[in-house]
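As a plain string of letters, each chain reads:
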Amino acid sequence: MLKYAIGQSVPRTEDPRLLRGHGRYVDDNNMINQAYAIMVRSPHAHAAIKGIDATAALAMPGVVAVLTGADYESDGLGHVGSGTPMKRRDGSPMFRPPRPAITKDRARHVGQIVAVVIAESVNIAKDAAEAVEVDYEPLPANVDTAGAMATGTPAIWDECPDNECFYREVGNKDATDAAIKDAAHVFRQRFVINRIHANTMEPRGALSYYDPGEGHYTIHTGVQRPYAWRTQLTKNLFRIPENKLRLITGDMGGSFGMKGALYPEIPLTAWASKRIGRPVKWRCDRSEGFVADDHARDNVSDAELAVDKEGKFLALRVRTAAALGAYVSLNGFGPATNNLGGLAGVYTFKAIHVAVSGVFTNTSPLSPYRGAGRPEASYIVERMIEIASHELGIDAAELRRRNFIPPDAMPYKTALTFTYDCGEFEKLMDKTLAKSDYQGFAARRKQSESAGKLRGIGLSCTIEQAAGPSTETAELRFDPSGTAIVLAGSTPHGQGHETIYKQLVCEKLGLAPEDIRVIEGDTDKVSFGTGTGGSRTATIGTSAVLMATEKVIDKARKIAAHILEASEQDIALEDGKFTIAGTDRSVAFKAVASAAFAPEKLPAGMEPGLFEIATYNATKANFPNGCHICELEITPETGALEILRYTVIDDCGVELNPLLVKGQVHGGIVQGAGQALMENIVYEADSGQLLTGSFMDYAMPRASDFCAFDVSGMPVPTKTNPLGAKGVGEAGTVGALAAVMNAINDALAPLGVKHIEMPATPAKIWQVVREAKSAA
C-alpha cells in the first residue's frame, strides 16, 4: 500500500515548515511605509459617549490620525452584521442591533471600540491612545445571563426592552408535557454552562492596504470563512463589488470558532488605510483579546427528564437562556439554536421539547467555540442521565443500555430534528467499558477511600451533527513538469488539511507528496469556498478534492489511451501508471500530465492543459459519535483533582488519517476538560468589569493537568459522502465536557452532593465538600 494514501497514519506535511519558524501568520506580514493602529476601547460596560477630544493625541510626534465614530459615519460606512434568521415570540424577525465598526454615541460592553489611533509605531500609537479624552456618562448595566429578562433589568437596547433577541422552540411540546406529567420518575436540574474564551495560540490581527489606483482592498487576517467575510464586508460595510476586496488568511494559529466572526478591527484597518493612503497594521495583545475577542458558551438551562418504572426514557424538556452579548456576532445565534438536536443523544426518547431565549447582556459578543452548541446539548442530556442513574440506583452504563437506539433501527428519526443514518452505540460503549476496566472501578474506589480520597467515574455517550449541508470548491492544477497544486476553499488552522489532501491525490494518482502543493484561504487565488468550521473539511473539502481528482483522471485517461494507441475502456490507472489491461504496456501519470501541455500529443479536438475544478454539494450531515470514560480522584482536604484514566472510542467513519484523528480528539478532550475544571470568564456584577482579563486570572489547561489519553476508533462508514468519513474536529470536546463533570459528581455523590457546576475548581470542590460534611 502507498505510504501517502487514505487511511495511513502519516505525519503532517505542514509541521516541518511551521515548527522551524517558516509559517506565515498575520504578524509575519509587513508592507513598506505601513502605519500602526491601536484601538481606544471603552472602560465601561454601559455608557453614553458625550464627547471625544483627540487634540492632545494628534499633537504628539508620530501620530498620523485619530478616527472616531463621527468620521466613520461621515464616510458612509455600513454595519458589521448579517441576516435575521430567528424570530421573536410574536413572529417578528429577531432583533439584530446595528453594529458600526466604531461606536459614536454609546458603549455597550467593556472593550468596545470608540476611537482608532494611527501612528508610526505601536508604542507611539499606545501612548497617543491614552491621550484621547472620552467623556463617558455611565449607565446601568447587566452581565447576568439568567436575569437578563427579569423585571427591572436594564435594557441594553431601547428597541428591545425585554433584552430577548429571539425565542426558538423545537420539538413536540404537548407530548413532552404529557409524558412528564404522567411519568413514574421526573428528575430536574439547572445547569450553568459558563462563559469561556478561545485564547488561540495566535492572537488576532490584520494588515490592510487600499490601492487607490484600482480602488481595491487587500486584507491579511486569520479567518475561518474568508468568502463569507468578503461578502459581508463588500455588501454591508464598504458597498463595493466583491472583486474589489481580497482576503488572505495565510497560516492560522488556532481559531476553534472564535476567528469565524467578523470583527470591527478588520474593516477599521482597511478604512484607515484608505483614509491615510498607507498600509495599516493592527495586532491584538493577549490581554486586549480578552475584551476584544468574542467569547463562548454562557447558557443557563433548566432540564427535566421523565423516566418510566423500567428505566426507559420518556421525555426531556429544556428551557435555556443563551447569552449573545451586547451585539449579535456574525454567527452568534448559531450555538444556541443550530445543534439542539444533540439533546436527543443516542437514545430512544418518545418526546423532547426545548425553548431557547437569546438574550442581550452588557458583555462581549458570543461566537461559536469548538462544538458550537454540541457540547452544551450533550452535557445536559448526559448529566441528566447520571442524575437519574444515582437516584434510581441503576448503573449508569445499564441505564444507557436500556435506551440506546439499535443499529437495525437506522435510519432513525429522533424526537428532536435529527435523522441518524448509521451508528452502533451499544457496541461502541461496550468496547469502551472493557478498555477502561469499568467493572474493576468499585475495587479501585475502595482503594482510594482507604487512602482518604474520593474516586469517581463518568461516562458520556454522545453524538453530534457534523458537516451540515453546504458546498466546497477545489481545483487540481497541473503544470508541464507533472507537479500539481491543490487549491481549496477550506482554511487551515491546525487540522492538517494539506496532509489529507495530499494523501488523497497521492493515492489516486500515484504522485509523491513533494509533487503536490496546497493553497487555501486566498480569495483571489481560489475561485470560491465555504471555509472551515463545523467539522466539515474531512468530509466536504476532501470530497471536493476527490471530485476534481476524478475529473483529472477522466481527461488523463483519454490522453493515455491516445499515447498508448488503445481504447479508453481498456486503460486502468494504478500505482501512478496508466496500463492497457492484460498487457505490460503503460505510461506514467506524470508523463501524461506533461503531455497534456503538448497539443501534438493530444487527441484531435482536445483542449491542452490539465486543470479541473469541482464543487461538492453536501446534501446531508453526518453524525460522528463516541463513548468517553473519565476516572479521577479528589483530595477532599484541598479540593485538588487528578484525572487518572481517560478512555475514548470514537466512530468518525472512515479515518482519512488515524494519526490526525487522534490528535483532534486529544485537543478536543483538553478543551472540554479545560472548561469543566478551570476556564472561566467572570464579570463583576455591578460594574460589568471583566475580572479575568489575563492569564493571571483566567486559568488555562496544561499537559500536567492530564493523564495519557487512551484513544481509539470504531469506524462505521457513512453513505452521506463518497469517502465514508464523519467529522472529528469537535468530537473530543463534545464528549469530554460531560464525561469529566459526570466523574466529578460521581466522586462527590457519596457525600450527598447531587450536582456541582463547572468549572469545578479546587476551591469550589473544597467548599462543596466542606458544606456536605457540615450538613451530614
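You'll find the structure just up there.
Read on for a plain summary of the structure. Bear in mind the structure is a predicted one, so any value in this text is a computation, not a measurement.

1. What to know about the packing of aromatic side chains
Here is step 1 of the chain: Evaluation of the coordinates by the stated rule reveals 22 aromatic pairs.
Here is step 2 of the chain: Measuring from centroid to centroid gives 5.2 Å for F418 and F623, while their planes differ by 55°, and the two rings are tilted. With F418 in the loop between β16 (412-413) and β17 (419-420) and F623 in the loop between β25 (611-618) and β26 (625-635), the pair connects residues that are 205 residues apart, well separated along the chain. Both residues of the pair, F418 and F623, belong to the buried class.
Here is step 3 of the chain: These aromatic residues form a ring-pair network of at least three members: F95, W157, Y327 and F360.
Here is step 4 of the chain: Sitting above the plane of the Y263 ring, R204 keeps its charged end 3.7 Å from the centroid.

2. Things to note about the nonpolar core
Here is step 1 of the chain: Counting 110 residues, the largest nonpolar core has F166, Y379, I380, Y420, Y646, I744 and L748 as its most contacted members.
Here is step 2 of the chain: Among all residues touching I380, those that are not within four sequence positions of it are F191, I193, S301, A303, V318 and L343.
Here is step 3 of the chain: Among the nonpolar cores identified, the runner-up in size contains 52 residues, and A65, Y72, W229 and L330 belong to it.

3. A short note on the environment of L233
Here is step 1 of the chain: Looking at where L233 falls in the secondary structure, it is placed in helix α6 (residues 226-237).
Here is step 2 of the chain: For the pair formed by L233 and S389, sequence separation is 156 residues and the distance between their alpha carbons is 51 Å.
Here is step 3 of the chain: Not counting the four nearest positions on each side in its chain, L233 is found in contact with I219, F238, R239, L245, L262 and P267.

4. Things to note about the sheet that holds strand β6 (residues 133-138)
Here is step 1 of the chain: The strand order β4-β2-β6 describes an open sheet built from three strands, whose pairing is antiparallel. In the strand order of this sheet, the two ends are held by β4 (106-107) and β6, each with one partner.
Here is step 2 of the chain: For strand β2 (residues 47-53) and β6, the ladder comprises six bridges, and the chain directions are antiparallel. Within the sheet, the bridge partner assigned to G51 lies in β6 and is D135.

5. Points about the state of the cysteines
Here is step 1 of the chain: If you walk through the whole model with that rule in mind, you get zero disulfides.
Here is step 2 of the chain: Residue C422 stays outside any disulfide, its sulfur separated by 11 Å from that of C652, the closest cysteine.

6. Examining helix α17 (residues 658-677)
Here is step 1 of the chain: The end-to-end C-alpha separation of α17 is 28 Å, in line with the 28 Å expected for 20 residues at 1.5 Å each.
Here is step 2 of the chain: Within α17, 14 of the 20 residues are buried, which leaves the element mostly enclosed by the surrounding structure.
Here is step 3 of the chain: Sitting at the head of α17, N657 places a side-chain oxygen 3.0 Å from the backbone nitrogen of L659.

7. Here we look at the pattern of salt bridges
Here is step 1 of the chain: Here the structure, examined in full by the defined rule, presents 51 salt bridges.
Here is step 2 of the chain: With its nearest N and O atoms 3.1 Å apart, the salt bridge here joins D285 to K126. Of this pair, D285 sits in the loop between β12 (280-283) and α8 (286-292) while K126 sits in helix α4 (residues 122-131), placing them 159 residues apart in sequence.
Here is step 3 of the chain: Taking relative accessible area as the criterion, K126 reaches 32% and is therefore assigned partly exposed.
Here is step 4 of the chain: Note that E202 is salt-bridged to K259, the shortest N-O span being 3.3 Å. Placement of the pair is E202 in the loop between β8 (185-196) and β9 (205-211) and K259 in the loop between β11 (245-248) and α7 (265-276), with a sequence separation of 57 residues. Take E202 and K259: they sit in the same class, and that class is buried.
Here is step 5 of the chain: Among the charged side chains, a network of salt bridges with common partners joins D437, R444, K453, R455, E631 and E633.

8. Let's talk about the pairing of strand β28 (residues 709-713)
Here is step 1 of the chain: Examined bridge by bridge, strand β27 (residues 640-651) and β28 share five bridges and lie parallel to one another. Across the sheet, residue I649 finds its bridge partner in β28, namely S712.
Here is step 2 of the chain: A crossover links β27 with its parallel partner β28, the connecting element being α17, and its sense is right-handed.

9. A few points about the sheet that holds strand β21 (residues 516-520)
Here is step 1 of the chain: With mixed pairing, four strands are arranged side by side in an open sheet as β21-β20-β19-β25. Strand pairing shows two members of the sheet lacking a second neighbour, β21 and β25, which therefore form its edges. Averaged over all neighbouring strand pairs, the angle between strand axes comes to 20°, with direction disregarded.
Here is step 2 of the chain: For strand β20 (residues 484-488) and β21, the ladder comprises five bridges, and the chain directions are parallel. Bridge pairing in β21 places L487 opposite I519.
Here is step 3 of the chain: Of the strands in this sheet, β19 (470-478), β20 and β21 are in contact with helix α14 (residues 497-509), which crosses β21 at around 140°.

Calculation rules
- Residues numbered from 1 in each chain as written.
- Predicted model: local features only at pLDDT ≥ 70, side-chain atom pairs only at ≥ 80, totals over all residues.
- Heavy atoms only, no water.
- Phe/Tyr/Trp six-rings, centres within 6.5 Å; stacked < 30°, edge-to-face > 60°.
- Helix = DSSP H or I, 4+ residues; strand = E, 2+ residues; numbered from the N terminus.
- Buried < 20%, exposed > 50% of the residue type's maximum accessible area, 1.4 Å probe, protein only.
- Lys NZ or Arg CZ within 6 Å of the ring centre and 35° of its normal.
- Core = buried A, V, L, I, M, F, W, Y, C linked by side-chain atoms within 4.5 Å.
- Contact = heavy atoms within 4.5 Å.
- Pairing = 2+ DSSP bridges.
- Disulfide = S-S within 2.5 Å.
- Expected span 1.5 Å × (residues − 1).
- Polar contact = N/O pair within 3.5 Å; in protein donor to acceptor, adjacent residues only side chain to side chain.
- Salt bridge = Lys/Arg side-chain N within 4 Å of Asp/Glu carboxyl O.
- Right-handed = clockwise from strand over helix to strand, strands pointing away.
- Axes fitted to C-alpha atoms, helices over the stretch in contact; angles between N-to-C directions.

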